[in-house]
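# Survey of secondary and tertiary structure
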Amino acid sequence: MSHAVANTDNWEAVKAACLEFLPEHIIRYIEQNAKTTHSESQLIAILHMVQSHFGYLGKDQMHSVAQLAQIPFAKVTGVATFYHYFRLQPRGKHIINVCLGTACYVKGADKLAARLMDQLGIQFGETTKDKLFSLESTRCLGTCGLAPVIMVDDQIYGPVSPAEASLILEKYLKKNKGHKTAEASKG
Amino acid sequence: MIDKMINLTIDGEPLQVPAGTTLLKAAEKLGINIPRLCYHPNLSIEGACRVCVTQVKGFNHFLTACSQEVWEGMEVQTNSPEIRQARRDIVELLLDNHPRDCQTCERDGNCELQKQAYRLGVRERIFNGARKRIPVDDSGQSVIRTPEKCILCGRCVRVCSQVQGVSNLSQHGRGFHTVVGPANLANMDDSVCIQCGQCVAVCPTAAFLEKDHTERVWEALAMPRDIKHVVVQVAPAIRATLGEAFGLPMGTPVTGKLVTALRRMGFDEVFDTNFSADLTIIEEATEFLSRVQKGENLPLLTSCSPGWVNFLEKFYPEMIKHTSTCKSPMQMMSTLIKTYYAEKKGLDPKDIYVVAIMPCVAKKFEASRPEQAMDDGIPYTDAVLTTRELAWMIKSYGIDFVNLANGEFDRPMGISSGAADIFGTTGGVMEAALRTAVVKLTGEELGPLVFEETRGVTGLKEATLRVNGMDINIAVSNGLTNAKHLLEAVKKGEKQYHLIEIMACPGGCIMGGGQPYPPLDHDPLAPETARIRAKALYDIDAGKQLRRSHENPAIEHLYAEFLGEPNGEKAHKLLHTHYEARMPRGIR
Amino acid sequence: MSNPVTEFYKALTEKVEQSLAARGEADKIVIQVGSATCENAAGAVDVMDEFLKHIQSSGREDIVIHRTGCTGRCSKEPIVGVAVPGKMPVKYERVNRDVVHRIFTNHVQKGLPQAEQILDGSIDPDQQIEFLFCEGKRCGVGAKLNFREVFQRKLQEAGVAADKVRITSASCFGACQGRSGAHAHVLVRPFRALYRVTSESDLEELIQKQVLKGEEVPALKVTDKPIYQEFFDLYGDVSFFNRQSRVAMRNSGILDPDSLDEYIKFDGFKALATSLSKHDPDWVINEVLKARLRGRGGGGFLTGKKWQMASQQAEKTRYIICNGDEGDPGAFMDRGMLESDPFSILEGMMIGAFAIGACKGFYYIRAEYPLAIKRVQNAIEKCREVGILGDNVMGSGWSFDLEIRLGAGAFVCGEETALIRSIEGKRGQPKVRPPYPVVRGLWGKPTSINNVETFANIAPIINYGGDWFASIGTEASGGTKVFALAGKVKHTGLVEVPLGTSLRKVVFDIGGGVQDDLPLKAVQTGGPAGGFLPAKWIDMEVDFDPLAKAGSIMGSGGMIVLSEEDCMVDISKFYLTFTQEESCGKCTPCREGTTRMLEILEKITSGKGEMNDLDRLERLAKLCQQTSLCGLGRAAPNPILSSLKHFREEYVEHIVDKSCKAKKCVALIKYEIDAETCIGCTVCARNCPVECITGTRKEAHVIDQNRCVKCGQCFEVCRFDAIERV
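Note that this is a predicted model, so its numbers are computed, not measured.

### A closer look at the overall build of chain C
When its secondary structure is counted, chain C shows 28 helices and 21 strands. Relative to the compact-globule value of 27 Å for 726 residues, chain C shows a C-alpha radius of gyration of 28 Å, a close match. In terms of overall dimensions, chain C has a C-alpha envelope of 85 × 70 × 55 Å along the principal axes. Here chain C holds 726 residues, and the buried ones make up 56% of them. In chain C, of all internal contacts separated by at least 6 residues, the share reaching a separation of at least 24 is 72%.

### Quick word on the sheet that holds strand β4 (residues 90-92) of chain C
All names here are of chain C. Pairing is mixed across the open sheet formed by 4 strands, whose spatial order is β2-β1-β3-β4. Lying at the two open borders of the sheet, with one neighbouring strand each, are β2 (63-68) and β4. If you compare each strand with its neighbour and ignore which way they point, the axes differ by 20° on average. Pairing of strand β3 (residues 80-83) with β4, which is carried by 3 bridges, proceeds in the antiparallel orientation.

### Concerning the interface of chain A and chain C
If you look at the interface, chain A gives 35 residues, while chain C gives 44 residues. Those elements that place two or more of their residues in the side of chain A that touches chain C are α3 (43-54), α5 (73-82), α6 (102-106) and α7 (109-120) of chain A. Broken down by class, the residue content of the side of chain A that touches chain C amounts to 18 nonpolar, 13 polar and 4 charged.

### Examining the interface of chain A and chain B
Between chain A and chain B, the residue contacts involve 18 residues of the former and 16 residues of the latter. Taken together, the elements giving at least two residues each to the side of chain A that touches chain B come down to α4 (59-69) and α5 of chain A. Ranked by residue count, the leading element in the side of chain A that touches chain B is α5(A), at 8 residues. Partitioning the side of chain A that touches chain B into residue classes produces 7 nonpolar, 8 polar and 3 charged.

### Re the sheet that holds strand β14 (residues 493-498) of chain C
All names here are of chain C. A sheet is described by the order of its strands in space; here 5 strands give the open sequence β14-β13-β17-β15-β16, paired in mixed fashion. One side of each edge strand has no neighbouring strand; the edge strands of this open sheet are β14 and β16 (532-534). Between one strand axis and the next, the sheet turns through 30° on average, direction left out of account.

### Focus: the environment of Phe246(B)
Checked against the element boundaries, Phe246(B) lands in the loop between α7 (238-241) and α8 (255-265). Here the alpha-carbon distance between Phe246(B) and Lys395(B), two residues 149 residues apart in the chain, equals 8.8 Å.

### Points about the nonpolar core
In this structure, Val76(A), Cys156(B), Cys199(B), Ala484(C) and Val506(C) are the most contacted members of the largest nonpolar core, which totals 430 residues. Sort the elements by how many residues they give to this core and helix α14 (residues 342-356) of chain C lands first, with 10 residues. Those residues within four positions of Cys199(B) in sequence are excluded, and the remaining contacts are Val143(B), Cys156(B), Val159(B), Cys160(B), Leu169(B) and Phe208(B). Counting residues in each nonpolar core, the second largest holds 12 residues, with Tyr671(C), Cys678(C), Cys684(C) and Cys714(C) among its members.

### Examining the environment of Ile423(C)
Residue position: Ile423(C) is located in helix α16 (residues 416-423). On the basis of neighbour count, Ile423(C) is assigned to the buried category, with 27 C-beta atoms found within 10 Å. Taking the C-alpha atoms as reference, Ile423(C) lies 42 Å from Val514(C); in sequence the two are 91 residues apart. When neighbours within four sequence positions are excluded, Ile423(C) is seen to be in contact with Ser41(A), Phe362(C), Tyr364(C), Arg405(C) and Leu442(C).

### Section: the pairing of strand β16 (residues 470-478) of chain B
All names here are of chain B. Note: strand β15 (residues 460-467) against β16, 8 bridges, orientation antiparallel. Considered in β16, the bridge of Lys461 is made with Val476. Counting the residues between successive antiparallel strands, the hairpin from β15 to β16 contains 2 residues, one of them, Asn468, with a positive phi of roughly 55°. Sheet topology note: the β16/strand β17 (residues 499-503) ladder contains 5 bridges and is parallel. Paired with Asn478 across the bridge in β17 is Met503. Once the chain exits β16 it traverses helix α16 (residues 480-492) before rejoining the sheet at β17, and the crossover so formed is right-handed.

### Observations concerning the packing of helix α10 (residues 270-278) of chain C against α14(C)
All names here are of chain C. Interaxial distance between α10 and α14 falls to 9 Å at its minimum, and their mutual angle equals 10°. Relative to α14, the element α10 lies roughly parallel. Residue-level inspection shows Ala271, Leu272, Ser275 and Leu276 of α10 in contact with α14, the latter providing Glu347, Met350, Ile351 and Phe354. Across the contact of α10 with α14, the residue classes break down as 6 nonpolar, 1 polar and 1 charged.

### Overview of the domain arrangement of chain A
Assigned domains within chain A: domain 1 (11-82) and domain 2 (94-186). Each of domain 1 of chain A and domain 2 of chain A has a C-alpha centre, and these two points are 31 Å apart.

### Looking at the domain arrangement of chain C
Residues and elements named next belong to chain C. Partitioning chain C into structural domains gives domain 1 (24-121), domain 2 (129-236), domain 3 (260-463), domain 4 (472-566), domain 5 (569-657) and domain 6 (670-725). Summarising the inter-unit geometry, the C-alpha centres of domain 1 and domain 2 are found 28 Å apart. At the interface, 6 residues of domain 1 touch 5 residues of domain 2.

### A short note on the packing of helix α24 (residues 611-627) of chain C against helix α26 (residues 638-657) of chain C
Residues and elements named next belong to chain C. Relative to each other, α24 and α26 sit at 165°, their axes nearing to 11 Å. Between α24 and α26, the angle falls in the class roughly antiparallel. Between α24 and α26 the crossing geometry is right-handed. Side by side, α24 and α26 meet where Met611, Asp613, Leu614, Leu617, Glu618 and Ala621 of the first sit next to Ile640, Leu641, Leu644, Tyr651 and Ile655 of the second.

### So, unusual backbone geometry
Looking along the chain, the bond that leaves Arg411(B) and enters Pro412(B) is cis, with omega of 0°. Mapped onto the secondary structure, Pro412(B) falls in the loop between α13 (387-397) and α14 (418-421). Of note, the bond from Arg189(C) into Pro190(C) is cis; its omega dihedral lies within 30 degrees of zero at 0°. Residue placement: Pro190(C) occurs in the loop between β7 (184-189) and β8 (193-197). Here the phi dihedral of Ser167(B) falls at roughly 50°; this positive angle occurs in a residue that is not glycine. Considering the arrangement of structural elements, one finds Ser167(B) in the loop between α4 (155-163) and β7 (169-172). In this structure Ser167(B) comes out as buried when scored by C-beta crowding, with 22 C-beta atoms within 10 Å.

Definitions and cut-offs
- Residues numbered from 1 in each chain as written.
- Chains lettered and ligands numbered in written order.
- Predicted model: local features only at pLDDT ≥ 70, side-chain atom pairs only at ≥ 80, totals over all residues.
- Helix = DSSP H or I, 4+ residues; strand = E, 2+ residues; numbered from the N terminus.
- Rg over C-alpha atoms; globule rule 2.2 N^0.38 Å.
- Buried ≥ 20, exposed ≤ 12 C-beta atoms within 10 Å, placed from the backbone.
- Contact = placed C-beta atoms within 7 Å.
- Pairing = 2+ DSSP bridges.
- Axes fitted to C-alpha atoms, helices over the stretch in contact; angles between N-to-C directions.
- Nonpolar A, V, L, I, M, F, W, Y, C, P; charged D, E, K, R; others polar.
- Core = buried A, V, L, I, M, F, W, Y, C linked by C-beta atoms within 7 Å.
- Right-handed = clockwise from strand over helix to strand, strands pointing away.
- Parallel < 35°, antiparallel > 145°, perpendicular 65-115°, else oblique.
- Domains from an automatic or database assignment.
- Left-handed = near helix turned anticlockwise from the far one by under 90°.

Structure follows, in structure tokens:
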């Protein structure tokens, strides 16, 4: 099901509204893709692009994707909520992923997680109040030889003991000393 | 081409069926109804509930009967001890994640999950554990969601997407935390839901229900006559189906008992929506002829299905100009009650309470539309009861329905032609319209009565009639995915249609979202059901003397005494309405 | 008769030869730095950077540096290789910037290898010649002498100092072409000379010429290059490697994953050219059938059969998909191969596509593997540039192109029908089967879905023959399998061995045995869908059917070594937690059943279990196995059923005695301070998050058991071993 031609009565208004919520390069991608066969199968790739850009999938963004790609909105949110890689809430500046794969688990990843939760004061899936850190658990990252492993943004650290993990956190805290004040001044 | 025949054994009994038959259907030939929950013949096969598992020789795991096609020499057990335990355990697992409020639940005694649990022998809870906690969505005018009661069979998602083409619902989340709901799990009111209620019709539990109006009707009935004058109108489809709720065979017409029951309940006046159905035909036929003469805004699309009107406004607003501006029969009747009838009886419209008995769930929404109200804001229709709600009220009252004597509708708004009766089935509105339109076009006294082209429950019918040297292209669709095809064809402009009947519910109003649930093991959208119910209506029509809307003397009188000309100024003000594009806009 | 495909391939190889020769590296010192996700995480990027700085400042033009993929020797990364012409190649482990400096200034500049940093401490730098004797089952069959022992003796007799020549027994080099004989194969490093010896006099000749004069013995040389040779040339001295048989991973750690030229240098795309030049898809299918290659993703279905079924469908539009969703926690072989040798997967996939008549293929790769995605994308682009992908592939008239589709964090999408749904842009919920994907798959068309490792094996099968592949392995299954060895084992990493190898060989010979030399308790295979193999079965053959019979599965190749420090109930709970979280939610038994089973396990591990919980657990397990819609649900109870079978007493101890002998289940352990050992340093009390330790300085401290939350902090920080876990 591809649609080379606009398929709703208010297409121009739709496009204009979407510009408010999505960057140009994504809109262009969706439009170009719409002309191919099985265009609706690119939904996951589109959502990846949106999350890459914004850090998460906002409701308005998903609605815009639905409108532009002509996929029923419920199907878009149904897909977005199925895959755990997609986040529907904005996250902290730094994402800390604790690998809970078998090798890491066997080498004490649960203690590691507990220490981080303690230090940050949040559970998996939550973000610190100052929006500096989000804590997530991940399934196997494929670096089992370095178990137990944590990943901060794109950087993998392993093997880490709970104490070493704390030190890594301290490093990021130091780097972001200005973060709190910036947030506070934003009001 | 002859189908290859397959030989197999079910529970030791040999059997021969065509290749491609599923185990479920094959077993039915032996009179075995394998228990099932998510299966539905009109919807894609998902094999999700796993209740229909069977034991097939040569496999370690069990195979679902709904999806497994037979092969030569297959040996199947449908009732071995292992299968019995497996089915029992699966249903118990569903119960363990379900509220324990059967006795206070709307579907107590009428719930597929409950019936399967009893039938499969769940007598104790072995697996108990945490239950999902999800808030109720009470926002809709017509449909309420109670996700805690959902067993994730997926029927609602499939019917909304595959049959209705709306795709308002989807599963969200994953695993144990899966929830079915509109996009982003928003309220139904904020979604593209068109309120057709097919989700309610196919739901095996109380996860989807219609909004209750019985409370307010009891209250109104309890008030003294001089304070509140309660008038009821009854849709065509009700008389063919209400009997099912009282154990009468499907397709038994119960018009007379229905009227008596309503009077017994305390309604001050019992009118027949058929009357205003006839009225709708006059108005719409006039509208149609005018368009044919002018050659503009053709095809004319009917507008008596509020689910379809919602769909029009949310999905195809550019087709509004084609849609008849006639109100639905229900709304025409309610309007007349609070104007014509009020005048005749010398009543203040504020003291009149109008109740409509409808097979339809979207009518609850229609009744609440701001433009369907009097100038002071009071709605013309005060309450809409579905067939199910009425059945419950009659039982609650204690009325012995099946043994009631036959009663007659009150006059004048109880006299109707057979054309009105058939409104309740797909193609009925078209046939009724043609009976009048053809006469008007040809100028002949008596035109044809039966239009075979309009009869039958398939989703999409097209025909060309030769009338007065002109080709009239008609189309009839039920189920909105079929309507989509039709509307796209109209937009393409390859063929000039003249008159199109669109019904939201597959099979027409008799299969509406408010109709009695079918018995266990009968599928909620089965074409056979539609056929039997439709036949009842066609039989009522055939048994009447008066069969054409424009020959209804009460209607003639109404125009002479009150309305003036069809489509005239007063008729337009009272009996016509307007539509507008609405948000959220649906994606086609 | 000219064949456009062979012409194309010839022109391509010539061009590659020229451009590689232009590099002029034959006489240069070659430094190789590993580059893959694990390597980079361990610091390989810094290492590369440091080497580049050193090379530049040295001003020397005879030193080149290359990236390679990951060899799979994970716990010792970053790994660096230094090959000085004429000298034994040396591998270094755990390299960082300081080590780079030492390696460069000492080994590269001055020719002095850094012995203390050598990988697994393998080489004695004084031993500049090594003789690797193949100990494969096909060598020395019916021979009257033990070639290696005789060689050793003769060396002594010849007066060669024992510490000058290294003699190693290694796994099969593949020089036999699958034929048994009364011969031995010997690989001589660093001369890259491969010999076949059949008699004592052959051995003498080797000593006289090769050892004493440094000359080759042409008469004894094996002329065909067997598949393993390159790997053994580089890494043969490391016992972790020389006991493996690298078919799927033949190029991992050898070549630069981004270089098409290097891939072609190592016979890349020769197999594709062979297949296309014959214009006969059935020939390809037959070779793969002969090879007895079974799906390496865990299904174990004969790949040749799958391709045959797809090729026989009436529908002409067909698709091929590479399943790169590798979701088993503890499995990383697919990532390793995609990052280290992406072209080989591509080639295998193209051969498969040709065999089934597909003109479009998809890679489905986990979003969590960004480097793999990047490398595959690069491979695709490079192939398009030279005409290996796109219209008229290699001049054959067949057109084919590839696209990458990303996963998004759903383990269930490794299941075939769920994967298809995901590519179609939907929720990844499996479909009922039948119909199977080969009949009606992606967008309703016949589709073959194959695992990364399966594809990695295809080019060797075509190049060396299906019979050769079948001869490695067992009666039922041909070839090798890559295992991801992890857990309480000394050497973690990727291990590729012939199917049928004993578990003992993998865990002890290659893996080095259990960490801390504790007794082995069990080996868990197959990830969350697998079972436990108790220690008493250590000599069993690792193959699809024996594993299934043993109550486990091959799975994708995860192999976790467990010691007495592991609690079987806890591990089962760990796996079930994973499966329950990853359940798609479509079918009742898996969605509800895994949750209920998990609740029961939580109950048991928190000390609240009752004996009838075991009955309920078993009943649910059976229900999931028999009624679930897909493999995830059907296999989810495997760890539980397997651990109940072999370690039921642990469950009973948890329930009846409320005790966890392995001291893993937090609720069932106690931390106690030994009053005699405690010196009252107060460190534990200061670190306790709930302040439940009392005691004054120099006095023995006490833990209040009622308030203790069993976090284990005190245990970690006590420097005097005064705290016991009971």
